[in-house]
Every structure is written in structure tokens, then in C-alpha cells.
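# Summary of structural features
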Amino acid sequence: MKAVRTMRKVFTILLVLFPFLCQFGLPVKVPVLTAHFSIGYLVLLPFALVWCLLKIPTEGIFRIKTYRFSGYFLFLLAVAFSAVLARGKSYYSGSGALLDLGIMLLFWLIVLYASRDVFNVRFGMAVYSTLAVIFAAYFIVQFLVFRIKGIYLPTIFRENYVFGGEYVDAFRATGTPTSLFTTTSGFTFFCLPAVAFLLLWDRIGFNGREFISAVVVSAALALTGDIKTIVALAIVWGLFVFSILAYFVVHPYDGMYRFTHQRPSRIVLQIVFPLLAVGTAAALLARKGRFSRLFAAFKGMLRDHALISGFEAAGQAGDHGTVVRYLGCGVGNAKAFLASCGIELPAHMNAIGYVFLSVGFIGLILFIGSLFALLSTRRGKFGFAMAALLLFAAVFGNIVFLDISFFWLMLAFTANDNTEMSFRKFLRVR
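Residues numbered from 1 in each chain as written. Predicted model: local features only at pLDDT ≥ 70, side-chain atom pairs only at ≥ 80, totals over all residues. Heavy atoms only, no water.

### Things to note about the overall build of the protein chain
- Scanning the protein chain from terminus to terminus reveals 20 helices and zero strands.
- Of all 430 residues assigned to the protein chain, the portion counted as buried reaches 47%.
- Within the protein chain, counting contacts between residues at least 6 apart in sequence, those at least 24 apart form 76% of the total.
- As displayed, the protein chain has an accessible area near 21,000 Å², and 68% of this comes from carbon and sulfur atoms. (Helix = DSSP H or I, 4+ residues; strand = E, 2+ residues; numbered from the N terminus. Buried < 20%, exposed > 50% of the residue type's maximum accessible area, 1.4 Å probe, protein only. Contact = heavy atoms within 4.5 Å. Areas by Shrake-Rupley, 256 points an atom, 1.4 Å probe, with all protein chains shown as cover.)

### Topic: a nonpolar patch on the surface
- On the surface, Tyr326, Phe361 and Ile365 cluster together into a nonpolar patch covering about 320 Å² of accessible area.
- Position of Phe361 relative to the elements: it lies in helix H17 (residues 351-377). (Patch = residues over 30% accessible without salt bridge, like charges linked within 9 Å, V, L, I, M, F, W, Y side chains within 5 Å. Salt bridge = Lys/Arg side-chain N within 4 Å of Asp/Glu carboxyl O.)

### Describing the nonpolar core
- By size, the foremost hydrophobic cluster in this structure holds 121 residues, and its most contacted members are Phe382, Phe401 and Trp408.
- Setting aside anything within four residues of it in sequence, one finds Trp408 in contact with Phe189, Leu192, Pro193, Met386, Leu389, Leu390, Ala393 and Ile399.
- Judged by nonpolar contacts, the second largest core, of five residues, contains Ala246, Tyr247, Met421 and Leu427. (Core = buried A, V, L, I, M, F, W, Y, C linked by side-chain atoms within 4.5 Å.)

### Quick word on the packing of aromatic side chains
- Taken as a whole and judged by the stated rule, the model has 30 aromatic pairs.
- Their ring planes at 25° and their centres at 6.0 Å tell us that Phe75 and Phe401 sit as a pair that is stacked. On the criterion of sequence distance, the pair formed by Phe75 in helix H4 (residues 70-88) and Phe401 in the loop between helix H18 (381-396) and helix H19 (403-414) is long-range, its members being 326 residues apart.
- Lying over the aromatic face of Phe123, Lys9 brings its terminal NZ or CZ to 5.3 Å of the ring centre. (Phe/Tyr/Trp six-rings, centres within 6.5 Å; stacked < 30°, edge-to-face > 60°. Lys NZ or Arg CZ within 6 Å of the ring centre and 35° of its normal.)

### Observations regarding the packing of H18 against H19
- The interhelical angle for the contact between H18 and H19, taken along N-to-C directions, is 150°, at an axis separation of 8 Å. The angle between the axes of H18 and H19 places the two elements in the roughly antiparallel class. Like other packed secondary-structure pairs, H18 and H19 cross with a definite hand, here left-handed. In contact with Phe382, Met386, Leu389, Leu390 and Ala393 of H18, H19 contributes Trp408, Leu409, Leu411 and Ala412.
- In terms of residue class, the contact of H18 with H19 is built from nine nonpolar, no polar and no charged. (Axes fitted to C-alpha atoms, helices over the stretch in contact; angles between N-to-C directions. Parallel < 35°, antiparallel > 145°, perpendicular 65-115°, else oblique. Left-handed = near helix turned anticlockwise from the far one by under 90°. Nonpolar A, V, L, I, M, F, W, Y, C, P; charged D, E, K, R; others polar.)

### Regarding the confidence of the model for the protein chain
- Per-residue confidence for the protein chain gives a mean pLDDT of 79; residues scoring 70 or more make up 77%.
- Considering each helix and strand of the protein chain separately, the mean pLDDT is smallest for helix H12 (residues 264-286), with a value of 63, and largest for helix H8 (residues 184-200), with 92. (pLDDT = per-residue confidence, 0-100.)

### A short note on the environment of Leu17
- Counting through the fold element by element, Leu17 comes out in helix H1 (residues 2-21).
- On the basis of relative accessible area, Leu17 is assigned to the partly exposed category, the value being 22%.
- Between the alpha carbons of Leu17 and Leu131 there is a distance of 8.7 Å; along the sequence they are 114 residues apart.

### Brief notes about the environment of Val400
- Along the polypeptide, Val400 turns up in the loop between H18 and H19.
- Taking the C-alpha atoms as reference, Val400 lies 5.7 Å from Ala351; in sequence the two are 49 residues apart.
- Ignoring any residue separated from it by four or fewer positions in sequence, one finds Val400 in contact with Ala351, Tyr354, Val355, Phe367 and Ser405.

### Here's the deal with the pattern of salt bridges
- The full count for this structure, using the stated rule, is one salt bridge.
- We note a salt bridge from Arg209 to Glu210, for which the minimum N-O separation is 3.5 Å.
- Overall, the relative accessible area of 66% leaves Arg209 in the exposed class.
- Residue classification places Glu210 among the buried residues on the basis of a relative accessible area of 14%.

### Considerations on the packing of H8 against helix H9 (residues 208-223)
- Axis separation between H8 and H9 bottoms out at 9 Å; the angle between their running directions is 150°. Here H9 runs roughly antiparallel to H8, going by the angle between their axes. The crossing of H8 and H9 is left-handed. Here H8 contributes Phe187, Thr188, Cys191, Leu192, Val195, Leu198 and Leu199 to the contact with H9, which in turn contributes Glu210, Phe211, Ser213, Ala214, Val217, Ser218, Ala220 and Leu221.
- Here the residues of the contact of H8 with H9 sort into 11 nonpolar, three polar and one charged.

### A word on the environment of Ser213
- Within the secondary structure, Ser213 sits in helix H9.
- Take Ser213: its relative accessible area is 15%, and that puts it in the buried class.
- Ser213 sits 76 residues away from Ala137 along the chain, and the two C-alpha atoms are 9.7 Å apart.
- In this structure, Ser213 is in contact with Val133 and Leu198, ignoring residues within four places of it in sequence.
- Among the polar contacts listed, one links the side chain of Ser213 to the backbone oxygen of Arg209, at a separation of 2.9 Å. (Polar contact = N/O pair within 3.5 Å; in protein donor to acceptor, adjacent residues only side chain to side chain.)

Set out below in C-alpha cells:
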């Protein structure tokens with residue numbers, strides 16, 4: 001039993017490290033593996049296969065539906081079908097993209113099945129939040145050192161280490177750090193769920209250590225200056241404040257008793273510090289028209305052409321557009337397909353438009369339906385926040401078909417386990 005518990009912990013740690021390890025490729029040339037597998041895949045896959053082999057004889061392979069992501073499973077089947085259809089119509093110019101897609105789909109299904117009832121949520125989230133704080137602290141140090149002394153702190157990346165393309169040093173180009181990730185977006189995608197966990201999981205957000213950790217990670221995310229990240233942070237913190245107010249409304253006497261019997265340090269952290277932070281942020285934004293620029297950036301996010309560019313591209317595809325509108329042109333094949341129609345691939349697309357272009361109207365309905373089903377069935381605050389972040393990222397970003405999207409989905413699915421306190425239970429008096 002001790003060996004099994006150890007293996008569970010190792011598997012859990014590897015799942016948490018997966019988005020980070022996926023940035024690295026093999027340092028040596030190995031046929032097939034070097035081109036199609038990151039270190040994250042190669043390290044995690046053997047453990048997932050072992051758990052699958054242990055579970056299949058007693059559970060059966062089709063018991064995966066009890067994990068409540070049958071809608072997403074149907075979406076993945078639609079993705080596979082559209083890829084096969086696109087290959088038959090010679091949309092794919094080569095087999096490399098098709099092989100990568102097949103590896104990704106098979107990998108996700110194996111790991112999702114293996115992680116059910118095996119992923120240690122509390123242990124895994126503790127490891128994950130610790131890593132997020134470390135990455136955020138390094139980001140803040142990078143930012144301050146560069147702003148004060150103009151010095152670039154070293155990163156761990158070299159050209160031959162990065163998997164899936166050349167590493168562009170965004171820090172040197174823009175002055176915005178990337179922490180220990182290849183891009184700033186990779187850092188934000190990894191750390192955003194940590195803020196939701198630290199503030200919303202059960203009642204740990206009322207503990208001083210977790211609250212300070214959430215503040216540190218939030219500060220690093222805010223320093224990126226990305227308007228979408230700032231809005232996502234506002235959603236998480238808004239849900240945190242709403243949960244506190246809801247408890248005071250439902251149980252005013254118990255809420256006041258808990259508040260008055262807290263340690264003074266906790267009251268300062270949770271009441272005084274947020275007020276000071278909001279006041280300081282308002283003062284900074286009021287200087288030199290910064291609030292106007294922030295508001296303009298928010299309006300630009302709502303009016304971004306990326307929200308509709310995928311639909312426009314599919315509509316311009318001529319006679320082929322009918323097939324694409326219903327069944328798609330295949331994931332990873334949009335550029336080749338549009339080029340064959342004399343259309344240039346849009347520089348920016350949101351996930352909704354990219355799914356429509358790649359998988360068609362049928363796949364889009366399954367994708368949106370699975371997101372809303374996930375949102376409506378989350379019982380706890382953290383699970384609901386993860387589902388909301390997924391929906392937000394799908395509308396205003398393009399997180400779909402990235403390795404980090406698998407990590408977000410896994411957190412949203414596992415957060416619905418009995419280990420997370422439901423919102424209804426949170427509103428009860430203990």
C-alpha cells in the first residue's frame with residue numbers, strides 16, 4: 001500500500017509539472033520521439049499507462065463516462081473525425097500535423113482516464129500552488145531588477161531545449177518577463193488557476209499563508225499588463241468577495257462572530273490590505289490617464305477582430321466553405337486549407353472561431369455545450385471558477401488544443417470530487 005501511495009504522489013506531481021515540462025524537448029535526436037514528444041509527454045505517459053492497465057480489468061474501459069466529461073469526449077471524437085475527413089480530401093499537406101493531433105488526442109484520453117480517482121487533489125493542488133508562487137516570485141524579481149537596473153535575469157532556456165518551435169525572448173523584446181516559461185502567456189495560463197485555488201478551495205482563502213500566496217501570484221499576473229489576465233483576475237477575486245458577502249447575508253450572526261474572533265493579523269490581511277490595494281491601484285490608474293488607457297484596452301478586448309476572424313475566414317472559403325462550416329478542415333490544417341482557397345490565415349483567432357474553422361459547426365456545438373455543462377455542474381467555488389476561466393479563455397483567447405488546456409480541464413473535472421466543499425455546504429454553519 002505504501003508503494004501505491006508513493007506512486008500516486010509521483011503521478012500527481014508529474015501531472016502538476018506537465019505544463020512546465022511540455023516546454024522542453026529531448027536534448028538529443030531520437031527518431032519520431034524528438035519531433036513529436038516533449039519531455040512532459042514522455043515522463044507522464046508511462047505512469048498513465050500503468051494506471052490504465054491496473055484499472056481496466058476491474059472497471060472496464062468504458063467506465064470513463066462516470067468521470068462526467070462525456071460531452072468533451074464526443075468533442076474529441078468530432079476532432080478525430082474531422083481530421084480523418086480532411087486527410088481524405090487532401091487538406092493536410094503532410095502527415096506530421098495529423099500524427100501530432102493523434103498523439104495529443106490519445107494522450108489526453110489516457111491521462112484523463114488514468115487520473116480519475118488516482119490524482120490526489122489536495123496534495124497535487126498544494127504542490128501546484130507552491131510552484132505557482134515560486135514562478136510568480138521569480139517573475140516579480142525579474143520585473144523589478146529590469147525596471148531598476150535594466151538587467152536581464154537569466155532564464156533556463158536555450159534554443160535546442162525548447163519543444164515545438166523557436167524560443168522568442170519576449171522579455172528582451174518587450175521588457176515583460178516570462179518567469180521560467182518560454183512566453184508570458186504560458187506563465188499566466190499556468191498561474192491563473194492557482195489564484196482561484198488559493199482563494200476559493202474550501203475555506204483556505206481565509207488563512208493568512210494562502211491569502212498572501214494569492215496576493216503574490218496576483219501581483220505577478222497583474223504586472224504582465226495583459227488586459228485579459230487582469231479581467232480574469234477580477235473574476236476570481238470578485239467571486240472570493242462575493243462568497244464572503246453571501247456568507248454574511250445568510251449567516252449574519254455567525255459571520256460577525258467569526259470575523260470578530262479572528263486574529264488581528266488575519267483581519268488586516270483580508271480586510272485592510274485589499275482596501276489599501278484597491279486604493280493604491282486606483283491612485284496609480286488616475287495618474288497620467290492610466291485609467292483611460294485601461295478602459296480603452298478593455299473596450300479593445302471586447303471589439304477585438306479575433307473574436308470573429310475564424311468565422312469570417314470560413315465564410316470566405318468559397319465552395320469548400322460548406323464542408324468546413326459543418327465538419328471543419330481539421331485541427332492544425334487551417335493555414336494549408338485557407339491557402340488552397342486563396343485566403344490568408346488570420347493572425348489572431350479566439351478558441352471559438354478556431355474550433356469552428358477546424359471542426360465545424362457540429363464540433364463547435366459539442367465544444368460550447370461541454371463548457372456550459374462543466375460550468376453548470378460544478379458544485380464548489382474553485383470548480384466553478386475553473387469552468388468560468390475556461391469559458392472566458394475560449395471566448396477571448398485561444399487556449400484550445402494546447403497542452404495547458406488539458407491541465408485546466410483536469411483541474412475543473414477533479415475539482416468536482418467530494419474533496420472540494422460545495423458552495424451549499426460552505427453556506428452552512430459548521
